[in-house]
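Next come the chains, spelled out residue by residue.
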Amino acid sequence: MRRPVRRLVRHGGMTLAELMVALAIGLGVVLAAGRLLVLANGAYAAQVESAGVEDGGRFAIDLIGRAVRQAGAFDVATLADPAADAAPARLAGLDARTLSRTTPGIADPLAAVVNGSDVLAVRFPGADDGSAVDCAGFPAAAGEEGWSIFYVARNSEGEAELRCKYRGAANWSADALVTGVDGFQVLYGIDTDDPPDGVANRYLNAAAVDALDAGLGEAEFNRRTHWKRIVAVRVGLLLHGSRPTRVEPGSARHDLLGAGYAAAAGDDDLGSSLDEAGMTPDLRRRERRLFMFTVALPAPPS
């Protein structure tokens, strides 16, 4: 009987060409996945930074708005006091200046250190119910005078921050409110009508308001100063994130008090317009938001 012939089948592996193609495809998949991961991580980081900037801006808006509205607070005793006209104005400001942490009020101002940022100072009467609090959250009792002063300075790491300066029980101090400040600008809405109708006719910076008072003598200054005719405060606050997240450097121009004011002011109001193209490469790649808002002072009781 004839035995069946067994045929040997030879099994071969991948050829070198096939192996190279497979490696190339696998490498392409890995690179694509890595690229997607980098993009997703970048988008997440940008979202986190943007949310942080938004939160900081809303916090500053709420705090400044509350402080300015407190400047319009009055009590019956104050209105009935014949010496009320000789009291200092509730609002004050400085153009392109910063402050020391411990000096009284806005005395002894320093040159601005962050793009010509301004100083906004608010004085307000105390209250027995604890409702009159300064920007640091400390209450002022009835018969006392509270202060909330906003200005920009750099911390020990060189980061610009919006600070709240207040008068404590024994001395003056200041705390950081928001970090990552590019600029802080303030305009004051003055009611120039006679008799006043409570509506702002002109918006001026602090230097221009002081210029209107240039002809007033010391004896009549508190009674006739234009700082007592302010009925609204307009604020421009430009903030940036804590780290670079933009793929491309920014090149936008930011008019902190509006394009109309920027065009009219030109170079006369330092810091009212900021151009990202003039910033450092690190700052140009950060998330950035402009917050511009106007706070009206409450009308005094009739």
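Described in the following lines is the structure provided in the data block. Source: prediction; values computed, not measured. (Residues numbered from 1 in each chain as written. Predicted model: local features only at pLDDT ≥ 70, side-chain atom pairs only at ≥ 80, totals over all residues. Heavy atoms only, no water.)

1. A closer look at the sheet that holds strand β8 (residues 181-190)
Here we have four strands laid out as an open sheet, ordered β9-β8-β10-β13, and antiparallel in their pairing. Each edge of the sheet is formed by a strand with only one pairing partner; in this case those strands are β9 (202-204) and β13 (286-296). Each adjacent strand pair in this sheet contributes to an overall mean axis angle of 20°, direction not counted. Alignment of β8 against β9, held across three bridges, turns out to be antiparallel. Within β9, the position partnered with Ile190 by the bridge is Arg202. (Pairing = 2+ DSSP bridges. Helix = DSSP H or I, 4+ residues; strand = E, 2+ residues; numbered from the N terminus. Axes fitted to C-alpha atoms, helices over the stretch in contact; angles between N-to-C directions.)

2. Quick notes on a nonpolar patch on the surface
There is a patch of nonpolar side chains on the surface, built from Leu16, Leu19, Met20 and Leu23 and spanning about 430 Å² of accessible area. Within the element layout of this structure, Leu19 appears in helix α1 (residues 16-71). (Patch = residues over 30% accessible without salt bridge, like charges linked within 9 Å, V, L, I, M, F, W, Y side chains within 5 Å. Areas by Shrake-Rupley, 256 points an atom, 1.4 Å probe, with all protein chains shown as cover. Salt bridge = Lys/Arg side-chain N within 4 Å of Asp/Glu carboxyl O.)

3. Examining the environment of Arg285
Note that Arg285 resides in the loop between α6 (281-284) and β13. As for Arg285 and Val247, which are separated by 38 residues in sequence, their C-alpha atoms are 7.0 Å apart. Residues within four places of Arg285 in sequence aside, it is in contact with Pro244, Thr245, Arg246, Val247 and Pro249. (Contact = heavy atoms within 4.5 Å.)

4. Thoughts on the sheet that holds strand β7 (residues 172-179)
Read across the open sheet, the five strands follow the order β1-β4-β5-β6-β7; overall the sheet is antiparallel. Every other strand in the sheet has two partners, leaving β1 (91-94) and β7 as the edge strands with one partner each. Recorded for the sheet is a direction-independent mean angle of 20° between the axes of neighbouring strands. In terms of strand pairing, β1 meets strand β4 (residues 119-125) through four bridges, oriented antiparallel. Paired with Leu94 across the strands is Val119, a residue of β4.

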